[in-house]
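Spelled out from the first residue to the last, the chains are:
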Amino acid sequence: MSPDMGDLVAQLPSELDEPTTNQDALRDLLLKLSHKSVPVGSLNRLWSLGGMQARIVLAYVAYFIRSTYTARDERDRQRNEAHLTAALKLLSGMGYMRGAIMKIGQLLAAYPKVMPDQYADMLGALNFNAPPMHYSLLRELLTNELGGDPQEVFAEFETEAFAAASLGQVHRARLKTGEQVAVKVQYPNIARTIRDDFRNMWAFLTPMRLSGDWENLREQLEELRDVLERETDYVFEAQMLRKARNIFANETSYVVPKVHDDFSTGRVLTVDFLDGLHLDDYLKTNPSQQDRDHFGTLLMHQSFIFYYRGQMLQADPNVGNFLFMPDGRLGLIDFGCARPFTEEEWQFLLDCDEVVKGPQEDWVPVMERSVACEDLARKNPEYLRMLLDLAEWLWRPLMTEGKFDFAGDEYFPEGIEKYAEFTRRRYIRGIPLQNWLNRTFVGLRAILYRLNARVDVKTMYDAESASAVNS
């Protein structure tokens, strides 16, 4: 390398390409973000988003310049460092903005093989280890909502959050009657940020208003906005928690926490504290294949119980919403994204159950209904072929006798590639319900893939679906 070029490369800002595996750096970032309020206002959030993108681009520019003048082994190391640096910038930006932007980060982290491992590992923190708001920023909200200082309302209240995600953070406390509880506190102004982010999204999508799919896309996005805004309504979540407790009342393998109404409002939700491990910590215990299969079975079965007995989806199956409990039970702890079915949707889903048991040519009318497009076989046969192929992938575990193996680099990566092909071809049509079905059941498959679980899906599907038809 020439001396002049060496001097140039040496002057690159070190923060753009330094490795970020050091836990101290991540801890410092979380501490810094904890003192920042959530940015509000469409322009303010758009500016923050643009700044995050610029920092990520600069990280890769630094890598590109350096790698041009280094050996191959060194380039590989520098590329990994660039991924880590960019991932930390992404975590920082999403952690600062929270709301819908952080929801996107959670979704990306939920699907293995979608992005480099460094991104998935870093963004995985957004599920329950996102940067919490400092207690001083939340104390006034807690006082206004509960009618008194939390240190006085509760017998004990831990000021440091033990979990934080896109819309709120959770503190451990003890009631004066002795119960250990988890107190979920919503970030100030978070509902407004969702409206601001969608306002920006509508502006970005203006060119698509001329396309034939605009009305369908608008319907999907409006449904997405409504569901995300409903997640900020803790009264609704409390209702869904009570419904879930009723649905699982006779299921001894599951625990749904009880709502404490006297300590819950529209922006504060207090429930029983459950002791258990999230997926990453559970996997660190090196569980046996038998235990993996056990919890994999519980994860899949709970989705069928919600679906068939409750006629609803728990449509946010990220790893932060499940607890692997030491006694073998599965804790279900978040219901803000519950999505009940309408009567029309439920009839459509029963029709899907009926046709899936027959030959593929019988699937065509259901596929056309799922993308709100009549005569798709004639209008776009390639789109229909891809829909049928994707449906076969989704329904394969339900049609396989015995235990279905979700591990290995075959089944789940195959599905991710199919969804990626839809994106590349801009096949975006669909009834709003379809997005939540995909989010629920593809998300579950992602967790089972990481768990390396083998599950007899067909047996539980046959039992639950037959019970629903006969009820």
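Residues numbered from 1 in each chain as written. Predicted model: local features only at pLDDT ≥ 70, side-chain atom pairs only at ≥ 80, totals over all residues. Heavy atoms only, no water.

Caption draft 1: Structural context of the packing of aromatic side chains. This model, assessed by the stated rule, comprises 29 aromatic pairs. Arranged with centres 5.5 Å apart and planes meeting at 75°, the rings of Y307 and F341 form a pair that is edge-to-face. Remark: F341 occurs in the loop between β10 (338-340) and α14 (343-356) and Y307 occurs in helix α13 (residues 289-309); sequence separation between them is 34 residues. Like F341, Y307 is buried. Measuring from ring centre to ring centre gives 6.1 Å for F422 and Y427, while their planes differ by 75°; the resulting arrangement is edge-to-face. Since its relative accessible area comes to 9%, F422 is described here as buried. An aromatic cluster of at least three residues, connected via ring pairs, comprises F304, Y307, Y308, F341, W346, F441 and Y461. Above the ring of F273, the side-chain terminus of R172 is found at 3.9 Å from the ring centroid. Lying over the aromatic face of Y234, K184 brings its terminal NZ or CZ to 5.0 Å of the ring centre. (Phe/Tyr/Trp six-rings, centres within 6.5 Å; stacked < 30°, edge-to-face > 60°. Helix = DSSP H or I, 4+ residues; strand = E, 2+ residues; numbered from the N terminus. Buried < 20%, exposed > 50% of the residue type's maximum accessible area, 1.4 Å probe, protein only. Lys NZ or Arg CZ within 6 Å of the ring centre and 35° of its normal.)

Caption draft 2: Structural detail: the packing of helix α17 (residues 381-399) against helix α18 (residues 411-424). Relative to each other, α17 and α18 sit at 155°, their axes nearing to 11 Å. Of the possible angle classes, the one that applies to α17 and α18 is roughly antiparallel. Of the two possible hands of crossing, α17 and α18 adopt the one that is left-handed. Touching Y383, M386, L387, D389, L390, W393, L394, R396 and P397 of α17 are Y411, F412, E414, G415, K418, Y419, E421 and F422, all from α18. Across the contact of α17 with α18, the residue classes tally to 11 nonpolar, 1 polar and 5 charged. (Axes fitted to C-alpha atoms, helices over the stretch in contact; angles between N-to-C directions. Parallel < 35°, antiparallel > 145°, perpendicular 65-115°, else oblique. Left-handed = near helix turned anticlockwise from the far one by under 90°. Contact = heavy atoms within 4.5 Å. Nonpolar A, V, L, I, M, F, W, Y, C, P; charged D, E, K, R; others polar.)

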